[in-house]
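Read off the chains here:
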Amino acid sequence: QKGMVSGEQLKEAINTTSRNVGQIVSLVNDILFLQEIELVLPDFQAVDLTEIARNVVRAYEKKAELANVKLELRESRSPLPTVSGDAKSLERAITALVDNAIKFSPRGGDVDVRLEARDGRVSVTVQDHGIGIEPEFLPRIFDRFYQLERSGDDLFGGLGLGLAITRQVI
């Protein structure tokens, strides 16, 4: 604002600031979502999880491609029954699972999203072949702000709210 930076430095400073503001907005939105879902249970309606999974996979195709990860939706051969829930919340939960699966997959890895009917219920599975989770960390993976920041030389971004949101939605 004081004119001390110009040209390429100004462009870089604006891009960095924009990226940081985006992360802060995302963090605040996630925290507000967690608070809202604890306080106000949305009205449940009939939800088509197949359509939600398609939307999530479509939205993450580019991120998967950039990470050199093959993202595939494996739909049930027969139509699935609808489930009772809040579509926006369920989409947010599946999004967090797909995002994590891509983030923790090695280059050239696979992420499969599967939907199937089991015993009158709909099952959604997001499977990757990534770094895995050490047994001592399993009890904490759904805690707010808990995340694996590093594995070997790999550094992972994120705020540690995705799986907490998923658990709260489910």
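The sections below set out a description of the structure shown in this document.

Reading guide: rules and limits
Residues numbered from 1 in each chain as written. Predicted model: local features only at pLDDT ≥ 70, side-chain atom pairs only at ≥ 80, totals over all residues. Heavy atoms only, no water. Pairing = 2+ DSSP bridges. Helix = DSSP H or I, 4+ residues; strand = E, 2+ residues; numbered from the N terminus. Axes fitted to C-alpha atoms, helices over the stretch in contact; angles between N-to-C directions. Contact = heavy atoms within 4.5 Å. Core = buried A, V, L, I, M, F, W, Y, C linked by side-chain atoms within 4.5 Å. Buried < 20%, exposed > 50% of the residue type's maximum accessible area, 1.4 Å probe, protein only. Patch = residues over 30% accessible without salt bridge, like charges linked within 9 Å, V, L, I, M, F, W, Y side chains within 5 Å. Areas by Shrake-Rupley, 256 points an atom, 1.4 Å probe, with all protein chains shown as cover. Salt bridge = Lys/Arg side-chain N within 4 Å of Asp/Glu carboxyl O.

1. With respect to the sheet that holds strand E5 (residues 121-128)
So, step 1. Spatially, E2-E4-E5 is the arrangement adopted by the 3 strands of the open sheet, whose pairing is mixed. If you trace the sheet from one side to the other, it starts and ends with strand E2 (70-74) and E5, each paired once. Taking each pair of neighbouring strands and ignoring which way they run, the sheet shows an average axis angle of 10°.
So, step 2. Of the strand pairs in this sheet, strand E4 (residues 110-118) and E5 are connected by 8 bridges, and their pairing is antiparallel. Looking at E5, one finds that Asp112 is bridged to Gln127.
So, step 3. The sheet contacts of helix H2 (residues 49-66) involve E2, E4 and E5, and relative to E2 the element is tilted by about 170°.
So, step 4. In the packing of helix H3 (residues 87-103) onto the sheet, contacts are made with E2, E4 and E5, and the angle to E5 comes to roughly 20°.

2. Observations regarding the nonpolar core
So, step 1. One finds Leu49, Ile52, Leu71, Leu90, Val98, Ile102 and Val113 to be the most contacted residues of the largest nonpolar core, which totals 25 residues.
So, step 2. For this core, the secondary structure elements donating two or more residues are H2, E2, H3, E4 and helix H4 (162-169).
So, step 3. The dominant element in this core, judged by the number of residues it contributes, is H2, at 7 residues.
So, step 4. Residue contacts for Ile52: discarding those within four places in its chain leaves Val47, Ala87, Leu90, Glu91 and Ile94.

3. Quick look at the environment of Gly120
So, step 1. Counting through the fold element by element, Gly120 comes out in the loop between E4 and E5.
So, step 2. Once the C-alpha coordinates of Gly120 and Pro81 are considered, the two residues, 39 residues apart in sequence, prove to be 8.1 Å apart.

4. Details of a nonpolar patch on the surface
So, step 1. There is a patch of nonpolar side chains on the surface, built from Met4, Val5, Leu10 and Ile14 and spanning about 400 Å² of accessible area.
So, step 2. Within the element layout of this structure, Leu10 appears in helix H1 (residues 7-39).
So, step 3. The exposure class of Leu10 is partly exposed, given its relative accessible area of 38%.

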